[in-house]
Amino acid sequence: MINMKDIKADAYSLGLINTRDSIDKLIKVAEEKNQTYTELISAVLTGELKYRVNRAKEKRIKEAGFPYIKKLEDFDVSFQYSITEKQLKQLAELKWIEQMYNLIFLGPPGVGKSHLSIALAYKAAQEGYKVSFTTMSNLVQILRTQEISRRSKTKINRIYKSSLVVIDEVGYLPIERTDANLFFQLISDLHEQASIIITSNKGFEEWTEFLGDAALATAILDRLTYRCDMISLEGKSYRLEHRSSFLGKN
Ligand code: ADP
Ligand code: MG
């Protein structure tokens, strides 16, 4: 006599988690709707497949390392007029990742650099691309400690396997020469292997200063800008313009 407990145990042994959890319901629906055997088997397999696709998507998003999620549809192009609705649409199609173009968002604080980077990378992760997000200071830390820290090694391995790597806040803090060399090495390795999004508050002429070396800055920029769209975001800080206070006006 076959019982449900054995079926569920077998499903579990085979890694069919969704089937284990929803087989009762699937059978009930099949009985109610007078489904054929073919229809029932198809429902079992489709359910399992959907579950797996969804789980893989959630895993990709979790492992990308986003500090928070931002969405493209929440970006107000009427406030940030340096980028047009059409450009945003083109970017949202993600063909630039397929063609390994880089994006560089430049501009002062609060103009939407992180928002756009996270939103594009989030969309990419949803659509099946492996994505890694890091800030520059975090990246330096990871590069420095990759040989001694498992966590850093895992993160760096993921960066190397990503189709899109976001490096946020490049140039906020000056970095040491050895770190600048490690950064150059990484950019060289990723060059034409993955897309990179850089955000920075520093114009290219200032990169020498925070990288501490003109030749190195040129070499890095040379690779980053080879196939690249540079988007200078201007205008007011969205934060300042939309700030709220706890006490309110008096
Ligand atoms: P930056 O990285 O350039 O300093 P952020 O992307 O972090 O700025 O933006 C600051 C805050 O303002 C975030 O909460 C972001 O979602 C919001 N923001 C900035 N620009 C826009 C915009 N054009 N439309 C909607 N929200 C925006
Ligand atoms: Mg930012």
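Analysis parameters
Residues numbered from 1 in each chain as written. Chains lettered and ligands numbered in written order. Predicted model: local features only at pLDDT ≥ 70, side-chain atom pairs only at ≥ 80, totals over all residues. Heavy atoms only, no water. Helix = DSSP H or I, 4+ residues; strand = E, 2+ residues; numbered from the N terminus. Rg over C-alpha atoms; globule rule 2.2 N^0.38 Å. Buried < 20%, exposed > 50% of the residue type's maximum accessible area, 1.4 Å probe, protein only. Areas by Shrake-Rupley, 256 points an atom, 1.4 Å probe, with all protein chains shown as cover. Lys, Arg positive; Asp, Glu negative; His and termini not counted. Charge placed at Lys NZ, Arg CZ, Asp CG, Glu CD. Phe/Tyr/Trp six-rings, centres within 6.5 Å; stacked < 30°, edge-to-face > 60°. Near = heavy atom within 4 Å. Polar contact = N/O pair within 3.5 Å; in protein donor to acceptor, adjacent residues only side chain to side chain. Nonpolar A, V, L, I, M, F, W, Y, C, P; charged D, E, K, R; others polar. Expected span 1.5 Å × (residues − 1). Contact = heavy atoms within 4.5 Å. UniProt positions renumbered as here; feature names shortened; annotations may be inferred. Pairing = 2+ DSSP bridges. Axes fitted to C-alpha atoms, helices over the stretch in contact; angles between N-to-C directions.

## Considering the overall build of the protein chain
Next, step 1: On a plain count of helices and strands, the protein chain comes out with 12 helices and five strands.
Next, step 2: Whereas a compact globule of 250 residues would reach a radius of gyration of roughly 18 Å, the protein chain reaches 24 Å, over 25% beyond that.
Next, step 3: Each of the three principal axes of the protein chain carries a C-alpha extent, and together these read 75 × 55 × 40 Å.
Next, step 4: Out of the 250 residues belonging to the protein chain, those deemed buried represent 41%.
Next, step 5: Accessible surface, the protein chain as shown: approximately 15500 Å² in total, 52% of it carbon and sulfur.
Next, step 6: Put simply, the protein chain has 36 plus and 32 minus side-chain charges, and the middle of one group is 4 Å from the middle of the other.

## Some remarks on the packing of aromatic side chains
Next, step 1: Inspection of the entire model under this criterion finds five aromatic pairs.
Next, step 2: When the centroid spacing of 4.9 Å and the interplanar angle of 85° are considered together, the rings of Phe79 and Tyr238 count as edge-to-face. Here Tyr238 lies in helix α12 (residues 238-241) and Phe79 lies in the loop between α3 (37-64) and α4 (85-92), a separation of 159 residues in the sequence.

## With respect to the site of ligand 1
Next, step 1: The environment of ligand 1 is formed by 15 residues, the closest being Asp76, Gly110, Lys113, Ser114 and His115.
Next, step 2: Here an oxygen atom of ligand 1 sits 3.1 Å away from a polar atom, N or O, in the main chain of Gly112.
Next, step 3: Contact between ligand 1 and His115: an oxygen atom at 2.6 Å from a side-chain N or O atom of the residue.
Next, step 4: For ligand 1, whose accessible area on its own is 550 Å², the fraction buried by protein is 89%.
Next, step 5: Listing elements by their share of the shell around ligand 1, those giving two or more residues are α6 (113-126) and α12.
Next, step 6: With three residues, α6 is the single largest residue contributor to the shell around ligand 1.
Next, step 7: For the shell around ligand 1, the class distribution of residues is five nonpolar, five polar and five charged.

## Details of α3
Next, step 1: With 28 residues, α3 ought to run about 40 Å at 1.5 Å a step, and its terminal C-alpha atoms sit 41 Å apart, in line with that.
Next, step 2: Regarding α3, the residues found buried are Val44, Glu48, Arg60, Ile61 and Ala64.
Next, step 3: Tucked into the core, α3 has its buried residues touching α2 (17-32), α6, β2 (131-135) and α8 (150-161).
Next, step 4: Within two residues after α3, Gly65 carries a phi angle of roughly 85°, on the positive side.

## Some points on the UniProt feature "domain: AAA+ ATPase" (unreviewed entry) in the protein chain
Next, step 1: Per the UniProt annotation, the sites labelled "domain: AAA+ ATPase" (unreviewed entry) are residues 99-227.
Next, step 2: Taken as a whole, residues 99-227 contains 51% helix and 18% strand, while its terminal C-alpha atoms sit 9 Å from one another.

## As for the pairing of strand β3 (residues 164-170)
Next, step 1: Burial analysis of β3 places six of its seven residues in the buried class, the great majority of the element.
Next, step 2: In terms of strand pairing, β2 meets β3 through five bridges, oriented parallel. Pairing of Val131 across the sheet is with Leu164, part of β3.
Next, step 3: By the bridge criterion, five bridges tie β3 to strand β4 (residues 195-200) in an arrangement that is parallel. When the bridges of β4 are listed, Val170 appears paired with Ser200.

## Some details on helix α7 (residues 136-145)
Next, step 1: Looking at α7, one finds that the buried residues are Met136, Leu139, Val140, Ile142, Leu143 and Thr145.
Next, step 2: Tucked into the core, α7 has its buried residues touching β2, α8, β3 and α9 (177-190).

## Some remarks on the sheet that holds strand β1 (residues 102-106)
Next, step 1: Taken together, five strands build an open sheet; the order of strands is β2-β3-β4-β1-β5 and the sheet is parallel. Strands at the two margins of the open sheet, each flanked by one partner only, are β2 and β5 (228-232). Strand-to-strand twist across the sheet, computed as the mean angle between neighbouring axes with direction ignored, equals 10°.
Next, step 2: In terms of strand pairing, β1 meets β4 through four bridges, oriented parallel. Residue pairing for β4: Leu103 is matched across the bridge by Ile197.

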